[in-house]
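Okay, here's what each chain looks like letter by letter:
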Amino acid sequence: MKHIDEYRDGNLARSIAAVIAQEAATDRQYRFMEFCGGHTHAISRYGIEDLLPNNVQMVHGPGCPVCVLPIGRIDDAIRLAMRPEVILCTYADLMRVPASAGRTLLKARAAGADIRMVYSTLDAISIAEAEPGREVVFFAIGFETTTPPTARAIRLARRKNLANFSIFCNHVLTPPAIRAILDTPDLEGAGRVRVDGFVGPAHVSTVIGTVPYTGLAETYRKPVVVAGFEPLDMMQAILMLVRQINQGRHEVENQYIRAVTAQGNLIAQREMAEIFALRSSFEWRGLGELPLSALRLRDDYADLDAERRFLIETVPAADNPACECGEILRGIKKPAQCKLFGTLCSPDTPMGSCMVSPEGACAAHWSYGRFRDSAKAGAERALV
Amino acid sequence: MRHGRIDLSHGAGGRATAQLIDEIFRPAFDNPYLDQANDQAAFDVPAGRMVMSTDAYVISPLFFPGGDIGSLAVHGTINDIAMSGGRPLHLAASYIIEEGFPLIELQRIANSMGRASRAASVAVITGDTKVVERGKGDGVFISTTGIGIVPPGIALSGDRARPGDRIILSGCIGDHGVAIMSLRNNLGFDTELLSDSAALHGLVAEMVHAAGTSLRLMRDPTRGGLAATLNEIAQQSGLGMVLEERAIPVRGEVAAACELLGLDPLTVANEGKLVAVVAPEEADHLLRVMQAHPLGREAALIGTIIADDQFFVQITTSFGGSRIVDWLAGEQLPRIC
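Residues numbered from 1 in each chain as written. Chains lettered and ligands numbered in written order. Predicted model: local features only at pLDDT ≥ 70, side-chain atom pairs only at ≥ 80, totals over all residues.

**Here's the deal with the overall build of chain B**
Turning to step 1, where the next piece is worked out: When helices and strands are counted, chain B shows nine helices and 13 strands.
Turning to step 2, where the next piece is worked out: Taking 337 residues into account, the globule formula puts the C-alpha radius of gyration at 20 Å, and chain B, at 21 Å, falls close to it.
Turning to step 3, where the next piece is worked out: Considered along the principal axes of its C-alpha atoms, chain B spans approximately 65 × 50 × 35 Å.
Turning to step 4, where the next piece is worked out: Counting over 337 residues, chain B shows a buried share of 49%.
Turning to step 5, where the next piece is worked out: For chain B, the proportion of contacts with a sequence separation of at least 24, taken over those separated by at least 6, is 86%. (Helix = DSSP H or I, 4+ residues; strand = E, 2+ residues; numbered from the N terminus. Rg over C-alpha atoms; globule rule 2.2 N^0.38 Å. Buried ≥ 20, exposed ≤ 12 C-beta atoms within 10 Å, placed from the backbone. Contact = placed C-beta atoms within 7 Å.)

Have a look at this one:
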């Protein structure tokens, strides 16, 4: 596949791996967090960890849109979908995310709710046009990557005077989440999660650019390298991070120059600013309430806002107390450290959101990496 | 016929049912067993072990590039029989048709089924037709049952893999699933790709002849793709396997479509491929035999069976790392076969 295979070249990967191994100082550990679920998935899918020296470790971050959505909002979506007049349009990933009392959108659909899986916001618009007698609600989630398509659907609905279309907006922002990670005390209470640098978001950065990370890199003195989602992108970004650490730098660098500019996509940013406003606060699964971290529709577009049309009052709901998604999303724990992992919780019977989306750290580790746990356990057994 | 539609009287067992059978099904399947017009078909049985399998077909859409529900219902059940190493003898078919379904389309499906069964030399010798009210079905559902005969000394089974055995795949994966997905209205991408739907018993006969008892087992990776099939074999045999990603043949179009849709070709459905596990000393010979058959031209050695008490299917990625190949969680796309 042209323009894809070039970024998955095993020979090039081995030569970058050799340089990383050569330049990473053997007397120290390097811990880098990949913020995005897309990077988490790539690490597991291509076995990138096998190419890194033992003292360069990756810590999974919270950048999985499905994972950070709190249970209360899924409860809201299920309640909306159960209204007889509503057709709820959603991305397929959300169908199996557990809500309160073991409910999911999938179960709601089996119970009679009209829930349609769509690939694009424009599919939802088409459904609204085809079914004028029904209320079509698009369950909008995601970071800055999926926000412009939602904005586009809102503008289109306004232009077409679609009275039966609305958006249940759950869009969140990346920089506040990175800040929250860096402000989180770790288990030992030593102050912070020990992360030496960040592999910055790929698609998010095509929209917002690299400038928004500058303040974070300076304030927390952590290097950020924005990287593409292909495995060679990751390898190169990791090498760039190792070099910054070795040279005592904490800058924002851009590995993904074929898609990301410093300023980002100004048209998308303008469209987002025109339609969305910042919420004063929003709950994230795992990170709790974060100020100025999410978007709502501006008052000019109140008529297209499902929260106002259906008077939604979100009731916060607690996660399963045994589920460690919160710690895993903050990089404090690894999936295998959760008691539920692989016992009660697997992709077939997910207890927490990290096990649902293929971008979730638990799902990625389960689907691609869990043989390492038993290999490690086997090696330990062999030593005893 | 041109403008006619199925109505409830076609399923009532009266004159209309008889007319439907006489005008559509009997000419389409055309064989002496059906011509006897009995409620069952009687036939002589050769000596030996018999094999039987049944499958229901609910695919949407009914017509797709490279086939339709009629040919699929022949190929799928023949393949299930063939994976035993057996020679398929006869098929039975049940049609469940929705009220309002156009007769011309029913005829197209029945004719396609007839063509597929003649090409395979496996006749549909008995059948049944039912009609359900509008809204209670989706056009046509077909269920087929097959019987076959297993050559003496051949006892293939999913639990017979041994450490060191080699794994052979008969050709490119994912063609069927991607061809179907390209037609689903909410995906809407264009491809010239055809479903790989095909009857594999001819290939199987040559494989059995060539490898004999060195052939441990065969399975066709349909729903759930190659990933599901290999995990089934690992579980049944209580062993693991190590695959080589770069050895697994995938067409460029399939790889590109999967990339676009976020799918792994390993979990996408096939309808004309098989996986064989064979003793290591016979692997190269069997591979050459397969490659000489039109349905095995792209056959490849893709991995090796290993001892593993966790039954993991591991793969060495082209990138140079390792991972496991897991079962598909949930439903990739409903009604693909």
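Additional details are given in the paragraphs that follow.
**What to know about the sheet that holds strand β12 (residues 313-316) of chain B**
Residues and elements named next belong to chain B.
Turning to step 1, where the next piece is worked out: Ordered in space as β8-β10-β7-β11-β9-β12-β13, the seven strands form an open sheet in which the pairing is mixed. Two strands in the sheet have a free side with no partner beyond their single neighbour: β8 (215-219) and β13 (322-324). Sheet twist, expressed as the average angle between the axes of neighbouring strands with direction ignored, equals 25°.
Turning to step 2, where the next piece is worked out: Relative to strand β10 (residues 275-278), strand β7 (residues 166-169) is paired through four bridges, and the arrangement is antiparallel. By the bridge assignment, isoleucine 167 is partnered in β10 with valine 277.
Turning to step 3, where the next piece is worked out: Each of β7, β10 and β11 (300-306) is contacted by helix α9 (residues 283-291), which is oriented at about 5° to β7, the strand it contacts most. (Pairing = 2+ DSSP bridges. Axes fitted to C-alpha atoms, helices over the stretch in contact; angles between N-to-C directions.)

**Things to note about the sheet that holds strand β6 (residues 165-171) of chain A**
Residues and elements named next belong to chain A.
Turning to step 1, where the next piece is worked out: Across the sheet, which stays open at both edges, the four strands sit in the order β4-β3-β5-β6 with parallel pairing between neighbours. Edge positions in the sheet fall to β4 (114-117) and β6, since each of these pairs with one other strand and no more. Ignoring strand direction, the axes of neighbouring strands in this sheet form an average angle of 25°.
Turning to step 2, where the next piece is worked out: Where strand β5 (residues 135-142) lies against β6, seven bridges are found, and the strand directions are parallel.

**Examining the environment of leucine 297 of chain A**
Residues and elements named next belong to chain A.
Turning to step 1, where the next piece is worked out: Take leucine 297: it is sitting in strand β13 (residues 295-297).
Turning to step 2, where the next piece is worked out: You can call leucine 297 buried: it has 24 C-beta atoms within 10 Å.
Turning to step 3, where the next piece is worked out: Ignoring any residue separated from it by four or fewer positions in sequence, one finds leucine 297 in contact with Ile167, Cys169, Ile275, Phe276, Ala302, Leu304 and Asp305.

**Here we look at the interface of chain A and chain B**
Turning to step 1, where the next piece is worked out: Contact residues are listed per partner, giving 27 residues for chain A and 20 residues for chain B.
Turning to step 2, where the next piece is worked out: If you list the elements that add at least two residues to the side of chain A that touches chain B, you get α1 (10-23), α2 (37-46), α15 (361-369) and α16 (371-383) of chain A.
Turning to step 3, where the next piece is worked out: Looking at the side of chain A that touches chain B residue by residue, the class counts come to 12 nonpolar, six polar and nine charged. (Nonpolar A, V, L, I, M, F, W, Y, C, P; charged D, E, K, R; others polar.)

**What about helix α6 (residues 121-130) of chain A?**
Residue and element names in this part refer to chain A.
Turning to step 1, where the next piece is worked out: Buried within α6 we find Thr121, Ala124, Ile125, Ile127 and Ala128. Seen end-on, α6 carries its buried residues on one side only, within an arc spanning 160°.
Turning to step 2, where the next piece is worked out: In this structure, the buried side of α6 is in contact with β3 (86-90), β4, β5, α7 (147-159) and β6. (Arc of directions from axis to C-beta.)

**With respect to the packing of α1 of chain A against helix α11 (residues 231-246) of chain A**
Residue and element names in this part refer to chain A.
Turning to step 1, where the next piece is worked out: For the pair α1 and α11, the least separation of the axes is 10 Å and the interaxial angle reads 15°. Between α1 and α11, the crossing angle belongs to the class labelled roughly parallel. α11 is crossed by α1, and the crossing has left-handed handedness. In this structure, α1 contributes Leu12, Ala13, Ile16, Ala17, Val19, Ile20 and Glu23 to the contact, and α11 contributes Pro231, Leu232, Met235, Gln236, Ile238, Leu239, Val242, Arg243 and Asn246.
Turning to step 2, where the next piece is worked out: By residue class, the composition of the contact of α1 with α11 is 12 nonpolar, two polar and two charged. (Parallel < 35°, antiparallel > 145°, perpendicular 65-115°, else oblique. Left-handed = near helix turned anticlockwise from the far one by under 90°.)

**A few points about the pairing of β8 of chain B**
All names here are of chain B.
Turning to step 1, where the next piece is worked out: The element β8 is largely enclosed, with a buried count of five among its five residues.
Turning to step 2, where the next piece is worked out: With four bridges connecting them, β8 and β10 associate as antiparallel partners. Within the sheet, the bridge partner assigned to leucine 217 lies in β10 and is valine 277.

**Observations concerning the domain arrangement of chain B**
Residues and elements named next belong to chain B.
Turning to step 1, where the next piece is worked out: Per the domain assignment, the segments making up chain B are domain 1 (8-150) and domain 2 (166-324).
Turning to step 2, where the next piece is worked out: Taking the mean C-alpha position of each, domain 1 and domain 2 sit 28 Å from one another.
Turning to step 3, where the next piece is worked out: Those elements that provide at least two residues to the side of domain 1 that touches domain 2 are α3 (69-82) and β4 (87-98).
Turning to step 4, where the next piece is worked out: Sorting elements by how many residues they give to the side of domain 1 that touches domain 2 places α3 first, with eight residues. (Domains from an automatic or database assignment.)

**Overview of α7 of chain A**
Residue and element names in this part refer to chain A.
Turning to step 1, where the next piece is worked out: For α7, which comprises 13 residues, the first-to-last C-alpha distance of 18 Å matches the rise-based estimate of 18 Å (1.5 Å per residue) to within 8%.
Turning to step 2, where the next piece is worked out: Those residues of α7 that sit buried are Thr147, Pro148, Thr150, Ala151, Ala153, Ile154 and Ala157.
Turning to step 3, where the next piece is worked out: A positive backbone phi angle near 55° is found at asparagine 161, which sits one or two residues after α7. (Expected span 1.5 Å × (residues − 1).)

**Looking at the packing of helix α1 (residues 15-29) of chain B against helix α4 (residues 103-120) of chain B**
Residues and elements named next belong to chain B.
Turning to step 1, where the next piece is worked out: Where α1 contacts α4, the axes come no closer than 8 Å and their chain directions differ by 15°. Judged by the inter-axis angle, α1 sits roughly parallel to α4. The chirality of how α1 crosses α4 is right-handed. Listed contacts from α4 to Ile24, Phe25, Ala28 and Phe29 of α1 are Leu106, Gln107, Ala110, Asn111, Met113, Gly114 and Ser117.
Turning to step 2, where the next piece is worked out: For the contact of α1 with α4, the residue count by class is seven nonpolar, four polar and no charged.

**Some thoughts on the confidence of the model for chain A**
Residues and elements named next belong to chain A.
Turning to step 1, where the next piece is worked out: Confidence along chain A averages 92 in pLDDT terms, with 95% of residues attaining 70 or more.
Turning to step 2, where the next piece is worked out: Below a pLDDT of 50 lies the segment residues 187-191, which in the model reaches two contacts outside its immediate sequence neighbourhood of four places, other chains included.
Turning to step 3, where the next piece is worked out: Residue range residues 380-384 is modelled with pLDDT below 50. Its contacts to residues more than four positions away, or to other chains, number zero contacts. (pLDDT = per-residue confidence, 0-100.)

**As for the confidence of the model for chain B**
Turning to step 1, where the next piece is worked out: Of the residues in chain B, 97% have a pLDDT of 70 or more, and the chain-wide mean is 94.
Turning to step 2, where the next piece is worked out: Prediction confidence for the complex, expressed as pTM and ipTM, is 0.88 and 0.82 respectively.

**Description of the environment of threonine 40 of chain A**
All names here are of chain A.
Turning to step 1, where the next piece is worked out: Within the secondary structure, threonine 40 sits in helix α2.
Turning to step 2, where the next piece is worked out: It is 9.1 Å that separates the C-alpha atoms of threonine 40 and cysteine 64, two residues lying 24 residues apart in sequence.
Turning to step 3, where the next piece is worked out: Contact partners of threonine 40, with chain neighbours within four places excluded, come to Glu34, His60, Glu359, Ala361 and Ala364.

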